[in-house]
Amino acid sequence: MKVLHGDVWTRRGMNLLWDGKALSALAEPQSVVSIRQFFAMIGNWPADLPCNEGKALVVAGLEGCLDIMKPGDAERWLDQHLGPAIDAFGRKYELGAALVFWMPTGKNRFRMNAASEAYSWLCSAPHGHERIEIGRILWAGAEADVRRIIDPKCANSDADGPAWIGLNLTRLS
């Protein structure tokens, strides 16, 4: 498993974040956009992004979208709608910006297969026994390049412990 110490994730790549302190350091509440606003930006990307001095876009609502859909529907939506939107963001900003999805319960719901380093998302009730292969869909074969974001201020820097605050893939597309 790869880890990322430092804050490069705040300026580059696609990130899934669940640490409230890291979120508040990155974005003012009014600068966070909804998943609906994110989709509306496609083709009309701003020159300056609203977070981290124009270097990041923080999106809320992905977790809720996954929770209201059946797992198969969620996988299709990720593949057919969210993946292309992330690719569009990546084409616009290349390695010059960060796309951050706020996923408040992410730490408890992401699972990594240790043998393959594949990430899955644990579904909510009534589908709590199922998983969404989120890594395969969103990272399109680049799961081996995904790094766990480690909070450098945390005394316990264990990659499975309290310092683990998110996931980062430096390249977006």
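A. The sheet that holds strand β8 (residues 131–132), seen in detail. One open sheet holds the three strands; their spatial order is β6-β7-β8, and the pairing between them is antiparallel. A strand with exactly one partner marks an edge of an open sheet, and here the two such strands are β6 (110–113) and β8.

B. Local environment of unusual backbone geometry. Ala125 connects to Pro126 through a cis peptide bond whose omega is 5°. Mapped onto the secondary structure, Pro126 falls in the loop between β7 (118–122) and β8. In the Ramachandran plot, Asn52 falls in the positive-phi region, its phi being about 50° despite a non-glycine side chain. Of note, Asn52 is situated in the loop between α2 (35–41) and β4 (56–60). Even without glycine at this site, Glu94 takes up a positive phi of about 50°. By the element assignment, Glu94 lies in the loop between α4 (71–93) and β5 (98–102).

What counts and how
- Residues numbered from 1 in each chain as written.
- Predicted model: local features only at pLDDT ≥ 70, side-chain atom pairs only at ≥ 80, totals over all residues.
- Heavy atoms only, no water.
- Pairing = 2+ DSSP bridges.
- Helix = DSSP H or I, 4+ residues; strand = E, 2+ residues; numbered from the N terminus.

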